[in-house]
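# Observations on the model geometry
Listed below are the residues making up each chain.
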Amino acid sequence: MRHEYRPPQRRSRLTRRGRLALFLGTLLAFGAAVLIPMLRGGDVPETPRRLLIPEGWRAQQVYAAVDRELKLPPGSTKAAVATAGLALPPEAKGNPEGYLFPATYPVTSKSTPATLLTHMVRTANEKLATRAVADGGKAHGMTPYQTATLASIIEAEVEGRADMGKVARVVHNRLAKSMPLQMDSTINYALNRSTLDTKLSDTRIDSPFNSYERQGLPPTPIDSPGLAAMAAAVAPTPGDWLFFVTVKPGDTRFSATYEEHKKHVAEFNRVRAGAGPRTGQAGPPGK
C-alpha cells in the first residue's frame, strides 16, 4: 500500500506577548465568575437612620415625625395605630399617648409605622417595669398607667430635672387632700396648644383634662414622659408643698400655703410684664 508523503505540520508557538494575553484573559474570566456570586451574596449592610423622639412630645407629634421619616402621607402613622396590635394597658383603650417612649430609634428601608410604634410602646413598658419605677408606683398605690399619666404632667410642667421631684410632691399632696391638680399643662392638652399662659377663662372649659375643675389625674397621659419623670413620679421629693409657679426661667417657687403662693404669683406678674409667659403652675392662674 502506497503512502502519500505529507510534510510534517509545524506546531504554532505563542509569543511571549501572546502567552501573557492568554493568561490574563483566563484570569479575568475566572475572576468574573467568582466575583459575580460574591457581589450577589455580600451586599453592604444597610446603615440605619435615626429617629429622635424627645421627652414631652405628644402622640400627634410622634405620628407626624414618623410620617416625615418614612416619607408617608400625613396621617399614615396615626391610622396604623388601630391595626398595629400595640401592647397597651386596658386603661389606655387603644390610645398610645404616654407610651411612645422618648428615645432614638433605628429606621431602615423595612421600617413601617407599625414596627416603629411597637418598638416605642415596648420600650415604655420596659421602663415602667423597671424595679424602681414599678415598686415605687405600687408603694403609692398607682398602676403603671397612672404612673405614666403623672409622669407626663411632670414632664410638661418642668423645664429641667432639678424640680421634677418637687412638682411630683405637689401632685401627690394635692391628690392626698382631694384637691384639683390645677395644672396648666392639662389645660394646654385639652386646647391642643403649647403655651402655658393660662387665662381664667381657660380654666372653665368643659373637658376631662380640665384639672382646675376636676379632681384626680386626667384620663390619659398628656405627652411622652422620660425615665427621669417616671422616677420622680414614684419617688417625689419630701415636702408639704401644694402650689408652685415658675416666676422666670430657672426660678420655680414652691409654697405650702395659698398666702405664700399669692406672693410668688405677684412676683411672677411683675416679671411677666417684660419677660413673657411662664412655664408652669399649680394653683390659680397669676391674675
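From a predicted model like this one, the values you see are computed outputs, not experimental measurements. (Residues numbered from 1 in each chain as written. Predicted model: local features only at pLDDT ≥ 70, side-chain atom pairs only at ≥ 80, totals over all residues. Heavy atoms only, no water.)

Scanning the protein chain from terminus to terminus reveals 10 helices and 5 strands. Within the protein chain, the fraction of its 287 residues that count as buried is 41%. A fraction of 64% describes how many contacts in the protein chain between residues 6 or more apart in sequence connect residues 24 or more apart. Accessible area of the protein chain: about 16,700 Å², with a carbon and sulfur share of 56%. (Helix = DSSP H or I, 4+ residues; strand = E, 2+ residues; numbered from the N terminus. Buried < 20%, exposed > 50% of the residue type's maximum accessible area, 1.4 Å probe, protein only. Contact = heavy atoms within 4.5 Å. Areas by Shrake-Rupley, 256 points an atom, 1.4 Å probe, with all protein chains shown as cover.)

Moving on: the pattern of salt bridges. For the structure on display, the rule yields 7 salt bridges. The shortest N-O distance in the salt bridge between Asp206 and Arg214 comes to 3.6 Å. Of the residues examined, Arg214 reaches a relative accessible area of 41% and is grouped as partly exposed. In this structure, Arg270 engages Glu267 in a salt bridge whose closest nitrogen and oxygen atoms are separated by 2.5 Å. In this pair, Arg270 and Glu267 are both assigned in helix H10 (residues 258-275), 3 residues apart and thus about one turn of the helix distant. (Salt bridge = Lys/Arg side-chain N within 4 Å of Asp/Glu carboxyl O.)

Residue Lys93 is not a glycine yet carries a positive backbone phi of 55°. Looking at Lys93, the relative accessible area reads 77%, which means it is exposed. If you check the backbone angles, Ser178 has positive phi at about 55° while not being a glycine. Here Ser178 lies in the loop between helix H7 (164-176) and helix H8 (184-191). Residue Ser178 is classed as partly exposed on the basis of its relative accessible area, which comes to 45%.

Looking now at the packing of aromatic side chains. Tallied over the full model, the rule gives 5 aromatic pairs. Both rings, one in Phe243 and one in Tyr258, keep their centres 5.7 Å apart while their planes meet at 45°; by these two values the pair is tilted. One end of the pair, Phe243, is in strand S3 (residues 243-248); the other, Tyr258, is in helix H10, and 15 residues separate them in sequence. The class of Tyr258 is partly exposed, set by a relative accessible area of 39%. Cluster of aromatic residues (ring-pair linked, three or more members): Trp241, Phe244 and Phe254. Above the plane of the ring of Phe243 lies Arg174, whose end atom (NZ or CZ) is 5.0 Å from the centre. (Phe/Tyr/Trp six-rings, centres within 6.5 Å; stacked < 30°, edge-to-face > 60°. Lys NZ or Arg CZ within 6 Å of the ring centre and 35° of its normal.)

Attention now moves to the environment of Ala229. Note on placement: Ala229 falls in helix H9 (residues 227-234). Overall, the relative accessible area of 0% leaves Ala229 in the buried class. A sequence separation of 79 residues divides Ala229 from Leu150, and the C-alpha atoms of the two residues are 8.5 Å apart. Leaving out residues up to four positions away in the same chain, Ala229 has contacts with Ala151, Ile154, Glu155 and Met164.

Further remarks concern the side chain of Thr198. Relative to the assigned elements, Thr198 resides in the loop between H8 and H9. Relative accessible area serves as the criterion here: at 0%, Thr198 is assigned to the buried category. A polar atom in the side chain of Thr198 sits 3.2 Å from the side chain of Asp184. (Polar contact = N/O pair within 3.5 Å; in protein donor to acceptor, adjacent residues only side chain to side chain.)

This paragraph deals with the nonpolar core. Core analysis: the biggest nonpolar cluster contains 51 residues, and Leu51, Tyr99, Leu100, Leu116, Met120 and Ile154 have the highest contact counts within it. Contributing elements (two or more residues each) for this core: helix H2 (59-69), strand S2 (104-107), helix H4 (113-128), helix H6 (144-157), H7 and H9. When residues no more than four places from it in sequence are discounted, the contact partners of Leu100 are Ile53, Ala59, Val62, Tyr63, Leu117, Met120, Val121 and Ser224. (Core = buried A, V, L, I, M, F, W, Y, C linked by side-chain atoms within 4.5 Å.)

So, about H6. The terminal C-alpha atoms of H6 lie 20 Å apart, and with 14 residues this matches the ideal 20 Å at 1.5 Å per residue to within 8%. Most of H6 sits inside the fold, with 11 of its 14 residues counted as buried. Every buried residue of H6 is accounted for by Tyr145, Thr147, Ala148, Thr149, Leu150, Ala151, Ser152, Ile153, Ile154, Glu155 and Glu157. (Expected span 1.5 Å × (residues − 1).)

Looking now at the environment of Pro225. With respect to the secondary-structure elements, Pro225 resides in the loop between H8 and H9. It is 5.6 Å that separates the C-alpha atoms of Pro225 and Gly56, two residues lying 169 residues apart in sequence. Sequence-distant contacts of Pro225, that is, excluding residues within four places in its chain, are made with Gly98, Phe101, Pro102, Ala148, Ala151, Ser152, Glu155 and Met230.

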